[in-house]
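Fold and contact review
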Amino acid sequence: MIELNWDWTFVWQVLPMILSAAKVTLLATFLGSLLAICVGLIFALLRRGSSKTVRVTVYWLMEFIRSTPLLVQIFFLYYVMPEFGLSMSPLMTGVIALGVHYGAYLSEVFRSGIEGVDKGQWEASRALNLTSFDTYKDIILPQAIRPMIPATGNYIIAMFKETPQLSAITLLEMLQVAKIIGSENFRYLEPFTLVGILYLVFSVLAAYGIHQIEKRFPKEGFSLK
Amino acid sequence: MSQPIIEFKNVQKRFGDTTIFDDFSFKVEENEIVSIIGPSGSGKSTLLRILMTLEGIDGGYINVAGESLWHMLWNDRYVPASNKHLHKMREQLGMVFQHFNLFPHMTVKRNITEAPMRVKGLSRQDAEESAEALLELVGLADKAESYPNDLSGGQKQRVGIARALAMRPAILLLDEITSALDPELVDEVLDVIRNLAKEQSFTMLLVTHEMYFAREISDRVCFFDKGKIVEEGVPEDIFSAPREERTQAFLNAYLGQ
């Protein structure tokens, strides 16, 4: 019989190191999400713009980003860009790779959210002579955000679960730290289990949080300042 | 005779293969109240939507207050209007919609102050004072802080009218403003328009199915069918003694005469 010898002492010994690496994971996810939301919004608006050249270019750019593996993009940014004189820290590289990659996915969410707003809202805005900018900012986006929340949240959780890919460029996130601990102590069971549990806990918490945001998001009175 | 405030000259409009207007010409004088009646699909609403720049045209010219709406002069030639030109032209026009199109996430007051503040650069205080006066005018002074979804259809449409008036348009376009309302709510909306017609000098262009109202309020009634004005004249003539067979048939069906 295979004996599973779970060592609690070892758990308590390595947990602080893994938790401290969790901060890096969460930071990368947080910054990556912010960037993804900005990139997604810009892509979505460009794809609705008046210039056909821009629309088509952005479409193919997004298609390219979504159809190539995240790891390839990470490697490209980390190993190839320095040849063009742009070298960045692993965290910075990770945030940009995650942000742009998931931004391409989020732009579709944002686009369908924007298109879900009643056409009459555009017509009323036009009749009142609002500029496109004010129409988006004051009329369309405040109504589009609520329906966008669940899908956006799911992509952010998916991004969070992709952060171990950043270990490939030596970012000391959770999985990388667990692997180092494992190889130093010749024990992989506890560190990897802890990492798995932490991912589970954070994901469940995030899913709950997103659900709460969606539930409490005001139907009325919401505006973008 | 003074220059008409609205003039359509040989206008063409198509939706795909469907021709709405083919060589359509039409004039409205300043401060004239014109009702457009006719069967659905005859191009009545399209006429208003073209004026409000919600739809483009495929040929011809439209002048509003002496300036071309869809074209502008550039190096002595008429070229398609830029956004800037359209923006300037829209200052003349206001529109009230069949389905209200109020902004559901904003209070009634904010619905009315949004455009004056953003477009005309009014201070919040000035915009709110004017909004309160307009709400008084449409009998909704107590609803300033309500949201559209808490209002009845008639109340929503009165807010729609106040919102359009807040931009002080010279021309008010009313697109079947009572068609989406329960019958008992129609009068409260029409009363507002009656008062406006009496108290203020406006050019008003209304598409309506309320025949009695059209007869009462209009200086001129145009009967539309298949993108053409079949018959037009003072309400008395159109409603009491229509000359054209199609007008007669339409009015008979509508008024059950």
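What you are looking at is a predicted structure, and each value in this text was computed from that prediction instead of being measured.

1. A word on the confidence of the model for chain A
For any part of a model where pLDDT is low, the fine detail of the predicted coordinates should not be relied upon. A residue-level look at chain A finds 98% of positions with pLDDT of 70 or above and a mean pLDDT of 94. Taken element by element, the predicted model of chain A shows its lowest mean pLDDT in helix α7 (residues 174–185) of chain A (94) and its highest in helix α5 (residues 119–127) of chain A (97).

2. Looking at a nonpolar patch on the surface
All names here are of chain A. Taken together, the side chains of Leu27, Phe30, Leu31 and Leu34 define a hydrophobic patch exposed on the protein surface, amounting to about 350 Å² of accessible area. Take Leu34: it is sitting in helix α1 (residues 8–47). Judged by its relative accessible area of 44%, Leu34 is partly exposed.

3. Points about the UniProt feature "domain: ABC transmembrane type-1" (unreviewed entry) in chain A
Under the UniProt annotation, the feature "domain: ABC transmembrane type-1" (unreviewed entry) is placed at residues 22–210 of chain A. Helix makes up 81% of residues 22–210 of chain A and strand makes up 0%, while its end C-alpha atoms are separated by 20 Å.

4. Details of the layout of surface pockets
Over the atoms, a rolled probe matching the size of one water molecule traces out where space is still vacant. In this structure, the largest pocket occupies an estimated 530 Å³ of space. Along the walls of the largest pocket sit 15 residues, with Trp122, Arg126, Thr131 and Ser132 of chain A together with Asn83 of chain B positioned nearest its centre. In terms of residue class, the lining of the largest pocket is built from four nonpolar, eight polar and three charged. Put simply, the second largest pocket is a space of about 390 Å³. If you trace the second largest pocket, you find 14 residues lining it, with Ile37, Phe110, Ile145, Ile149 and Thr152 of chain A closest to the centre. Breaking the lining of the second largest pocket down by element, the ones donating at least two residues are α1, α6 (132–162) and α8 (189–216) of chain A. Of the residues forming the lining of the second largest pocket, the biggest block, seven residues, is contributed by α6 of chain A. Classifying every residue of the lining of the second largest pocket gives twelve nonpolar, two polar and no charged.

What counts and how
- Residues numbered from 1 in each chain as written.
- Chains lettered and ligands numbered in written order.
- Predicted model: local features only at pLDDT ≥ 70, side-chain atom pairs only at ≥ 80, totals over all residues.
- Heavy atoms only, no water.
- pLDDT = per-residue confidence, 0-100.
- Helix = DSSP H or I, 4+ residues; strand = E, 2+ residues; numbered from the N terminus.
- Patch = residues over 30% accessible without salt bridge, like charges linked within 9 Å, V, L, I, M, F, W, Y side chains within 5 Å.
- Areas by Shrake-Rupley, 256 points an atom, 1.4 Å probe, with all protein chains shown as cover.
- Salt bridge = Lys/Arg side-chain N within 4 Å of Asp/Glu carboxyl O.
- Buried < 20%, exposed > 50% of the residue type's maximum accessible area, 1.4 Å probe, protein only.
- UniProt positions renumbered as here; feature names shortened; annotations may be inferred.
- 1 Å grid on protein atoms, 1.4 Å probe; cavity = no way out; pocket = protein on both sides within 12 Å on 5 of 7 lines; lining within 4 Å.
- Points joined across faces, edges and corners; volume = space filled by probe spheres on them.
- Nonpolar A, V, L, I, M, F, W, Y, C, P; charged D, E, K, R; others polar.

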